[in-house]
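Geometric and topological summary
In case you want the letters, here they are:
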Amino acid sequence: MKELTKAEEQVMQVLWSIEKGFLKDIVDGMPDPKPAYPTVSTVIRVLVKKEFIGHNTYGKVNEYFPLIKKEVYFQKHFKRVVSTFFENSYQGFANFFAKSDVSIEELEAIRKEIDDQLKKRKKA
């Protein structure tokens with residue numbers, strides 16, 4: 001799976017959020033200052049070519065929708081980050097993450113989630 005540029009990722013974030021929409025809907029969903037319609041249109045054409053976005057045509061207007069789920073893209077992207085920056089070690093990532101600026105409440109919630117996953121996997 002190809003990696004998204006920053007502009008492509010912004011468009012995908014909007015589409016993942018709205019699930020489907022026309023060019024106007026995508027531009028409206030972007031943060032301020034909003035890019036120009038031709039700029040977004042160009043990014044969308046690239047995403048269609050990369051097969052991240054599909055479309056239905058109604059006359060001369062296209063309605064766009066994501067072909068790749070956000071979770072699938074994130075999982076592949078996250079694996080690349082762990083591989084590139086943490087020598088393919090999830091433990092190295094967890095150590096880095098735990099030492100970062102994360103609140104005690106968030107760390108406790110993460111620990112609970114990990115404990116729950118451990119229990120589920122041990123039962124299976």
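In what follows, the structure referred to is the one given above.
To start, this report covers the structure provided alongside it. In this text, all values refer to a predicted model and were calculated from it rather than measured experimentally.

A closer look at the side chain of E8
In this structure, E8 sits in helix 1 (residues 6-18). On the basis of relative accessible area, E8 is assigned to the buried category, the value being 5%. Side-chain polar atoms of E8 contact the backbone nitrogen of T5, separated by 2.9 Å. Aside from chain neighbours lying at most four places away, what touches E8 is E3, V43, V46, L47 and K50.

Considering the environment of S103
Its place among the elements puts S103 in the loop between helix 5 (90-99) and helix 6 (104-123). By relative accessible area, S103 is classed as partly exposed at 26%. One polar contact links the side chain of S103 to the main-chain amide nitrogen of E106, over a distance of 3.1 Å.

Observations concerning the side chain of E63
Of note, E63 is situated in strand 3 (residues 61-66). In this structure the side chain of E63 is engaged in a polar contact, spanning 3.1 Å, whose partner is the side chain of Y58. With residues near it in sequence (within four places) discarded, E63 still touches K20, G21, F22, G54, H55, N56 and Y58.

Quick notes on the rules
- Residues numbered from 1 in each chain as written.
- Predicted model: local features only at pLDDT ≥ 70, side-chain atom pairs only at ≥ 80, totals over all residues.
- Heavy atoms only, no water.
- Helix = DSSP H or I, 4+ residues; strand = E, 2+ residues; numbered from the N terminus.
- Buried < 20%, exposed > 50% of the residue type's maximum accessible area, 1.4 Å probe, protein only.
- Polar contact = N/O pair within 3.5 Å; in protein donor to acceptor, adjacent residues only side chain to side chain.
- Contact = heavy atoms within 4.5 Å.

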